[in-house]
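# Residue-level structure breakdown
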Amino acid sequence: MIKINLANTFTKKNDGGAGGTSSGNPKEELQKNVIKVLLMLTPLIGLYYYEKVDISRQREELVVLQTEAARMEAELAKVGSIDNILKQVSEQKKDLEEKFTVIRQIFGLRTKKMEALVLLQQQIPPTSWLTSIKAENTDIEVEGYSNSIDDAQMYINRLAAEKSVFTSVNSKDVSKAKTGDKEAYKFDITLRLKE
């Protein structure tokens, strides 16, 4: 609290100035005191207006911050729903992976069978021919004829060398047989596909 003494004690000139100074003119003294009061009140008035403007600015900042907080709460609500969506997507992904595993197995076996058919065709000697090919699951049974026993054995050995496609190649006895009007060597081969 600020105290201002507006009362003026006037002393006579011959008093020696013990009680205060006086020019002798009370009007002039009053003006000086008013100026002093105004000089003391000016910073207070300035501070009051500064605080008033600052409070308005702070209110505006508060409104901005409240708006931002509301936006962030909405984003957090979305994140909560995103977590649920991610969980559902994860479950769907797991389900699809299981289905794709089955599809890969089916197509993988079909692909292996196609590779086997290509190899059966590529590895056969020119003097040999196939009469029957039966495929069931991973087993393939092949029957055919060859003009010589060596060609039949060479065909069986070539197929047995294809370890990337077949896990086993078993042949029954190669025997002489009649085909139409000529003789040839009949062979039966059982192959197991690599899974």
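Note that the coordinates shown come from a computational prediction; the quantities given were computed from them, not determined experimentally.

Looking now at unusual backbone geometry. Phi angles above zero are rare outside glycine, and N137 is one such case at about 55°. Note that N137 resides in the loop between β1 (128–136) and β2 (139–146). The class of N137 is exposed, set by a relative accessible area of 54%.

Together, L96, F100, V102, I103, I106 and F107 make up a nonpolar patch on the protein surface, roughly 530 Å² of accessible area in all. By the element assignment, F107 lies in helix α1 (residues 26–123).

Let us look at the packing of α1 against helix α2 (residues 149–160). It is at 10 Å that the axes of α1 and α2 come closest, and there the two elements cross at 145°. As α1 packs across α2, the resulting crossing turns out to be right-handed. For the pair α1 and α2, contact is made by L119, L120 and Q123 and by Y155, R158 and L159, respectively. Across the contact of α1 with α2, the residue classes tally to 4 nonpolar, 1 polar and 1 charged.

This structure, assessed with the given rule, holds 3 aromatic pairs. Pairing Y48 with Y49 gives two aromatic rings, centres 5.2 Å apart and planes at 75°, and the pair type is edge-to-face. When its relative accessible area of 48% is taken as the criterion, Y49 is described as partly exposed.

When pLDDT is averaged along the protein chain, the result is 83, and 88% of the positions lie at 70 or above. Counting contacts from residues 9–20, a segment whose pLDDT is below 50, to residues more than four positions away or on other chains yields 7 contacts.

The side chains of a regular strand alternate, first on one face of the sheet and then on the other. The sheet contact formed by strand β4 (residues 175–179) and strand β5 (residues 182–193) spans 5 bridges and is antiparallel. Looking at the pairing, A177 lines up with A184 of β5. Where β4 folds back onto β5 in an antiparallel hairpin, the turn is made up of 2 residues, including G180, whose phi is positive at roughly 65°.

Conventions adopted
- Counting of residues starts from 1 at the beginning of each chain's written sequence and follows it residue by residue.
- The predicted nature of this model means local features are confined to residues of pLDDT at least 70 and side-chain atom pairs, given and counted, to a pLDDT of 80 or more, with totals for whole chains, interfaces and linings taken over all residues.
- Side-chain descriptors were evaluated using all non-hydrogen atoms of the structure, hydrogens and water having been removed beforehand.
- Under the scheme used here, helices are H or I runs from DSSP no shorter than 4 residues and strands are E runs no shorter than 2 residues, and both carry numbers assigned from the N terminus.
- Exposed residues in this analysis have more than 50% of their type's maximum accessible area, buried residues have under 20%, and partly exposed residues fall in between, with area computed by a 1.4 Å probe over protein chains only.
- Patch membership needs two things, relative accessible area over 30% and no salt bridge, and members are linked within 9 Å if like-charged or within 5 Å if nonpolar (Val, Leu, Ile, Met, Phe, Trp, Tyr).
- Here, Shrake-Rupley sampling with a 1.4 Å probe gives the accessible areas, and only protein chains in the shown set may cover a residue.
- By convention in these notes, a salt bridge is any Lys or Arg side-chain nitrogen within 4 Å of a carboxyl oxygen on Asp or Glu.
- Fitted lines through C-alpha atoms give the axes, limited to the stretch in contact for helices. The angle between two N-to-C directions lies from 0 to 180 degrees.
- Crossings are classed by handedness, with left-handed meaning an anticlockwise turn of the near helix from the far one by less than a right angle and right-handed meaning a clockwise turn.
- Throughout, a contact is declared for two residues whenever any of their heavy atoms are within 4.5 Å.
- In this classification, the charged set is Asp, Glu, Lys and Arg, the nonpolar set is Ala, Val, Leu, Ile, Met, Phe, Trp, Tyr, Cys and Pro, and all remaining amino acids, among them Gly, are polar.
- Note on aromatic pairs: the rings of Phe, Tyr and Trp (six-membered ring only in Trp) are paired at centre separations within 6.5 Å, and the planes decide the class, stacked below 30 degrees, edge-to-face beyond 60, tilted for the rest.
- pLDDT runs from 0 to 100 and stands for how confident the predictor is about each residue.
- Note on pairing: DSSP must find at least two bridges between two strands before they are called paired.

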